[in-house]
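# Descriptive structure summary
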Amino acid sequence: AMEISIETACQLFQLLDVDDDRRLTVEDFVEGCLRLRGTAKATDIRLLMHESKLTVSKLTLLSKYFEEDFLDDIEEKVMGSVSQRLESVSL
């Protein structure tokens with residue numbers, strides 16, 4: 001047995017699944033293993049690169065939300081709150 005943790009196995013799977021379709025073909029597996037050949041440093045760098053890609057994607061989505069929808073969402077909530085208070089005061 002290789003005696004690797006579940007977390008390490010999941011990270012290795014993510015590194016090998018380059019197209020992020022949550023499936024590994026034989027070609028994906030072989031090509032991924034060849035990319036990871038070498039010292040542990042190469043594997044660590046690949047993992048960091050993968051995690052960086054995910055982080056950039058998430059930050060891009062968050063930035064887009066703040067640029068496009070955040071002010072509209074806040075305005076809706078404020079206006080709804082003001083309307084409720086006005087209704088309760090006039091009753």
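Because the structure is a prediction, the values reported are computed rather than measured.

### Concerning the layout of surface pockets
One simple way to see leftover space: roll a probe sized like a water molecule over the atoms. For the largest pocket, the calculated volume is near 250 Å³. Taken together, Q14, L15, D17, V18, D20, R35, R46, M49, H50, K53 and L54 form the lining of the largest pocket. For the lining of the largest pocket, the elements supplying multiple residues, two or more each, are α1 (6-16) and α3 (40-68). In terms of residues, the lining of the largest pocket owes the most to one element, α3, which gives 5 residues. Classifying every residue of the lining of the largest pocket by side-chain character gives 4 nonpolar, 2 polar and 5 charged. One number sums up the size of the second largest pocket: a volume of about 160 Å³. Contributing to the lining of the second largest pocket are C10, F13, Q14, D17, D20, R22, H50 and L54. Contributions of two or more residues to the lining of the second largest pocket are made by α1 and α3. Here the lining of the second largest pocket gets 3 residues from one element, more than from any other, and that element is α1.

### Some remarks on unusual backbone geometry
The phi dihedral of D20 falls on the positive side, at around 55°, and the residue is not glycine. The residue D20 is located in the loop between α1 and α2 (26-36) in this model. One non-glycine residue, R22, adopts positive backbone phi at about 60°. Tracing the chain through its elements places R22 in the loop between α1 and α2. With a relative accessible area of 73%, R22 lands in the exposed category.

Definitions and cut-offs
- Each chain has its residues counted from 1, running along the sequence as written.
- pLDDT decides what is reported in this predicted model: residues at 70 or higher carry local features, side-chain atom pairs at 80 or more are listed and counted, and totals for whole chains, interfaces and linings draw on all residues regardless.
- Remark: hydrogens and water are excluded; side-chain values derive from all non-hydrogen atoms of the structure.
- The method works on a 1 Å grid over the protein atoms by themselves. A cavity is a set of points holding a 1.4 Å probe that cannot get out, a pocket is an open set with protein on both sides within 12 Å along at least five of seven lines, and residues with an atom within 4 Å of a point line them.
- Grid points are joined across faces, edges and corners, and a volume is the space filled by probe spheres set on the points.
- Every helix listed is a DSSP run of H or I at least four residues long, and every strand listed is a run of E at least two residues long, numbered separately from the N terminus.
- Polar here means any residue other than Ala, Val, Leu, Ile, Met, Phe, Trp, Tyr, Cys and Pro, which are nonpolar, and Asp, Glu, Lys and Arg, which are charged; Gly is therefore polar.
- Per-residue accessibility, obtained with a 1.4 Å probe over protein chains only, is compared with the maximum for each type, and a residue is labelled buried under 20%, exposed over 50%, and partly exposed between these values.

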